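Each chain, written out:
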There are 2 protein chains.
Amino acid sequence: MPGSEAPASLARVRTLVEPALRRAVAVLSDEIRPAVEYHLGWVDEFGKELANDGGKGIRPALAVLSAEVVGAPAVIGVPGAVAVELVHNFSLIHDDVIDGDTERRHRATVWTLFGVGAAIVAGDALLTLGQQVLLNPSIALGSSADVDLAAASRAARLLADSTAEMNAGQALDLDFERQRSVSYEDCLVMEAGKTGALLSCAAAIGAVFADAEQGSVDALARFGAQLGLAFQAVDDLLGIWGDPATTGKPTFADLRQHKKTLPVTAAIAAGGPGAEELMTLLAETELSESQVTRAAELVDALGGRQRATDEARTSMEVALEALESAATNPAATDDLRELAHFIVDRQF
Amino acid sequence: MPGSEAPASLARVRTLVEPALRRAVAVLSDEIRPAVEYHLGWVDEFGKELANDGGKGIRPALAVLSAEVVGAPAVIGVPGAVAVELVHNFSLIHDDVIDGDTERRHRATVWTLFGVGAAIVAGDALLTLGQQVLLNPSIALGSSADVDLAAASRAARLLADSTAEMNAGQALDLDFERQRSVSYEDCLVMEAGKTGALLSCAAAIGAVFADAEQGSVDALARFGAQLGLAFQAVDDLLGIWGDPATTGKPTFADLRQHKKTLPVTAAIAAGGPGAEELMTLLAETELSESQVTRAAELVDALGGRQRATDEARTSMEVALEALESAATNPAATDDLRELAHFIVDRQF
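Computed from a predicted structure; not experimentally measured. (Residues numbered from 1 in each chain as written. Chains lettered and ligands numbered in written order. Predicted model: local features only at pLDDT ≥ 70, side-chain atom pairs only at ≥ 80, totals over all residues.)

**Q** Tell me about the overall build of chain A, and please be specific about residues and values.
**A** When you go through chain A residue by residue, the secondary structure sums to 17 helices and 2 strands. Relative to the globule expectation of 20 Å for 348 residues, the C-alpha radius of gyration of chain A, 20 Å, shows essentially globular dimensions. The contacts in chain A between residues at least 6 apart in sequence include a share of 72% that link residues at least 24 apart. (Helix = DSSP H or I, 4+ residues; strand = E, 2+ residues; numbered from the N terminus. Rg over C-alpha atoms; globule rule 2.2 N^0.38 Å. Contact = placed C-beta atoms within 7 Å.)

Pasting the structure below:
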């Protein structure tokens with residue numbers, strides 16, 4: 001399967017971005033930094049250093065490659081890479097508070113260890129630091145190099161607009177919990193906000209710093225947004241039918257949590273007695289094993305699994321078309337294509 | 001007493017800023033806007049419009065006057081005024097979640113009505129919107145006027161840096177709750193962050209948009225920061241000795257809540273058996289009436305009341321000196337001086 005091995009670009013970008021990310025995090029105050037370093041996997045709960053277990057670094061890689069793909073050197077993409085990674089982690093820390101999740105990637109979440117208040121402030125600080133890094137890249141680059149204020153301003157606006165979309169997606173997702181059924185279209189809008197917006201920003205922000213033509217920036221933003229939709233559709237499929245041995249979650253995990261994801265909303269949109277039965281099942285406070293199995297059968301039988309699969313495929317095609325139209329550097333285009341496949345073609 | 005009546009500049013600025021603030025809030029998504037409009041006092045909990053009961057608008061007034069004081073027209077200060085007001089309200093909404101406060105200005109707080117998750121997202125959205133307004137003022141001004149990208153970028157950096165200081169102050173305040181005693185100096189640092197940073201930003205951001213000399217911008221920032229310290233010192237005094245009839249809080253309110261404010265930390269810094277007795281009292285889970293009264297007596301007898309009073313006076317003097325050094329427009333300087341007295345010389 002394409003993309004099942006981590007692309008070399010991830011390691012290359014990590015080497016470039018991680019020192020800058022650490023430099024940025026170092027400016028946080030003594031009361032905030034420990035929770036952030038813990039969240040990033042740099043230290044354990046006692047502050048002891050860990051072999052870096054940070055995330056895959058997909059967003060930083062997109063940001064750096066988006067500078068390279070329009071012909072700029074990789075370093076031009078670094079402030080954007082650091083900023084999107086900070087904002088991504090702001091959203092994770094706040095999401096865990098909002099959802100009451102006690103574990104993330106097999107570790108206790110920030111709020112469970114440091115308290116809700118500290119987690120809220122840590123998230124606020126990362127969101128703020130993301131903007132600071134764009135507007136004053138020396139925070140990440142450690143030099144007092146002259147800043148192109150116009151490019152910094154455009155990049156900061158892109159990040160703020162994308163964050164606003166992400167916040168709106170998060171609010172919509174919260175709202176879904178109170179609704180008996182959610183339309184497929186609303187689910188797409190939610191996922192475009194919650195997942196697509198920041199990936200779109202990541203895929204374009206390096207090009208903004210590189211002063212690329214607006215047409216290229218827009219095409220790269222579209223590439224990232226569609227890649228985000230494809231990723232989320234696959235994530236939704238794995239949330240139901242992923243192999244517990246590889247996902248680390250129980251079978252049909254998202255159905256147990258009543259999540260209104262693409263396969264579920266597509267199945268409900270099909271209508272009829274099957275959709276009614278599915279809605280009734282998902283309205284149960286707690287589902288039995290047989291009810292969970294039945295719900296999964298219904299989602300499949302009503303075409304929800306197929307529609308989400310089609311959505312992933314179509315979004316990926318649109319993403320790759322947009323990428324071709326933006327690119328001037330063939331090597332970086334290859335890297336971005338490989339990265340896109342790695343992100344979407346997951347078996348876990 | 002000077003400043004006991006609301007200065008005319010507050011009403012004048014409100015007329016100018018409120019339509020812009022409403023325009024900005026209107027871009028929030030349908031799932032976020034209701035909580036924000038409720039928080040701002042524009043609607044009740046059912047979404048019914050209220051006669052505007054918003055805050056005094058001190059920060060917007062500082063922002064607009066900071067443009068005028070360096071010779072620019074008031075409208076130049078409007079994007080900054082809207083942005084600081086948005087960020088101020090982000091901090092209030094999150095603070096209420098963090099502190100578990102159920103009431104603000106005699107109304108239920110956002111999290112009690114809309115839930116913790118919705119309150120966190122509403123705060124995140126306001127913080128983000130503050131940056132968007134600076135980087136794309138048409139969100140607030142409603143026109144597609146050309147943006148001076150360099151000025152917008154400097155203003156956005158000032159706001160982000162000030163927000164970072166505010167976050168750090170908030171984290172320090174949270175940390176204080178776990179400490180038996182806090183030094184007077186740490187308390188000053190906390191208050192400079194939590195209160196001073198955003199007032200400093202407000203007092204300078206209009207001058208940044210007006211492209212004023214860096215010397216004037218710095219002096220106005222110092223004016224705002226020192227004004228913030230003076231305000232907070234008075235607030236701390238009123239938190240203990242304010243008249244319940246005018247504060248709407250019980251006598252010695254802050255002592256009942258074990259708050260480590262300037263008068264308290266100054267008293268503890270005096271040392272000796274009185275300070276020991278005070279620390280022991282404040283370590284009680286719940287204080288009796290006689291214990292509260294005794295604690296207030298101790299703070300006074302140990303010189304805490306006097307030191308906070310001196311702090312307020314000195315900060316105010318430094319603030320007004322900084323203001324004189326920045327000003328080119330005498331009428332706006334008078335307005336700022338009057339506003340400063342109104343902010344600090346409160347009886348409540």
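Following the structure, the description resumes.
**Q** Explain the interface of chain A and chain B to me, using residue names and the numbers behind them.
**A** On the chain B side, the residues contacting the 36 residues of chain A number 36 residues. Elements with a minimum of two residues in the side of chain A that touches chain B: α4 (78-99), α6 (116-135) and α8 (149-176) of chain A. Take the side of chain A that touches chain B: its biggest share by element is 17 residues, from α8(A). Partitioned by chemical class, the residues of the side of chain A that touches chain B number 20 nonpolar, 11 polar and 5 charged. (Nonpolar A, V, L, I, M, F, W, Y, C, P; charged D, E, K, R; others polar.)

**Q** Account for the relation of the copies chain A and chain B, with residues named and values stated.
**A** Of the two same-sequence chains, chain A is brought onto chain B (RMSD 0.0 Å, axial shift 0.0 Å) by a rotation of 180°. Those values place the two copies in the arrangement expected of a two-fold rotation axis. Closest to the rotation axis within chain A is the C-alpha of Ser153(A), separated from it by 2.5 Å. Interface overlap between copies: 100% of the residues of chain A at the interface are likewise at the interface in chain B, consistent with a symmetric, same-surface contact. (Least-squares fit on C-alpha atoms with pLDDT ≥ 70 in both.)

**Q** Give a description of unusual backbone geometry that names residues and reports values.
**A** Residues and elements named next belong to chain A. Although it is not a glycine, phenylalanine 252 sits at a positive phi angle of roughly 55°. In this fold, phenylalanine 252 is placed in the loop between α11 (244-247) and α12 (253-256). The class for phenylalanine 252 is buried, based on 20 C-beta atoms found within 10 Å. You will see that histidine 258, though not glycine, has its phi angle at about 60°, which is positive. When you line up the elements, histidine 258 lands in the loop between α12 and α13 (262-269). (Buried ≥ 20, exposed ≤ 12 C-beta atoms within 10 Å, placed from the backbone.)

**Q** Summarise the nonpolar core; cite the residues concerned and give the values.
**A** Formed by 251 residues in total, the largest nonpolar core has its most connected members in Val82(A), Ala122(A), Ile205(A), Val82(B), Ala122(B) and Ile205(B). In this structure Ile205(B) touches Ala63(B), Ser66(B), Gly80(B), Val84(B), Ala155(B), Leu158(B) and Leu159(B), once residues within four positions along its chain are discounted. (Core = buried A, V, L, I, M, F, W, Y, C linked by C-beta atoms within 7 Å.)

**Q** Give me the lowdown on helix α10 (residues 214-241) of chain B, citing residues and values where you can.
**A** Helix length check: α10(B) (28 residues) gives 40 Å between terminal C-alpha atoms against 40 Å at 1.5 Å per residue, within 8%. Among the 28 residues that make up α10(B), 23 are buried, leaving the element largely enclosed by the rest of the structure. (Expected span 1.5 Å × (residues − 1).)

**Q** Any details on the environment of Ala118(B)? Residues and values, ideally.
**A** Mapped onto the elements of the fold, Ala118(B) is located in helix α6 (residues 116-135). Distance in space between the C-alpha atoms of Ala118(B) and Glu31(B) is 8.7 Å, their sequence separation being 87 residues.

**Q** Could you give me a rundown of the environment of Ser66(B), with the residues and numbers involved?
**A** Residue and element names in this part refer to chain B. Note that serine 66 resides in helix α3 (residues 58-68). Here serine 66 falls in the buried class, since 35 other C-beta atoms lie within 10 Å of it. For the pair serine 66 and glycine 80, spaced 14 residues apart in sequence, the C-alpha separation works out to 9.8 Å. In contact with serine 66, other than residues within four places in its own chain, are Gly77, Ala203, Ala204, Ile205, Gly206, Ala207 and Leu220.

**Q** Before we move on, can you summarise the confidence of the model for chain A with the specific residues and values?
**A** Within chain A, residue pLDDT values average 93, and 97% of them lie at 70 or more. Put simply, α11(A) is where chain A has its lowest mean pLDDT, 81, and α6(A) is where it has its highest, 98. (pLDDT = per-residue confidence, 0-100.)

**Q** How would you explain helix α17 (residues 330-344) of chain B if you had to name every residue and give the values?
**A** Residue and element names in this part refer to chain B. Compared with an ideal rise of 1.5 Å per residue, which puts 15 residues at 21 Å, α17 spans 21 Å between its outermost C-alpha atoms and is within 8% of the ideal. Turning to α17, its buried residues are Ala332, Asp335, Leu336, Leu339, Ala340, Phe342, Ile343 and Val344. Along its buried surface, α17 packs onto α1 (8-25), α3, α10 and α16 (304-326).

**Q** An account of the packing of α1(B) against α3(B) is requested, with residue identities and associated values reported.
**A** Residue and element names in this part refer to chain B. It is at 9 Å that the axes of α1 and α3 come closest, and there the two elements cross at 90°. Considering their axes alone, α1 and α3 lie roughly perpendicular with respect to each other. Counting all contacts with α1, which are made through Ser9, Leu10, Val13, Leu16 and Val17, the residues of α3 involved are Pro60, Ala61, Val64 and Leu65. Class assignment for the residues of the contact of α1 with α3 results in 8 nonpolar, 1 polar and no charged. (Axes fitted to C-alpha atoms, helices over the stretch in contact; angles between N-to-C directions. Parallel < 35°, antiparallel > 145°, perpendicular 65-115°, else oblique.)

**Q** Let's hear about the environment of Arg305(A): which residues, and what values?
**A** Residues and elements named next belong to chain A. Here arginine 305 lies in helix α16 (residues 304-326). Taking the C-alpha atoms as reference points, arginine 305 and alanine 267, 38 residues apart in sequence, are found 8.0 Å from one another. For arginine 305, the contacting residues outside a window of four places in its chain are Leu237, Pro263, Val299 and Asp300.

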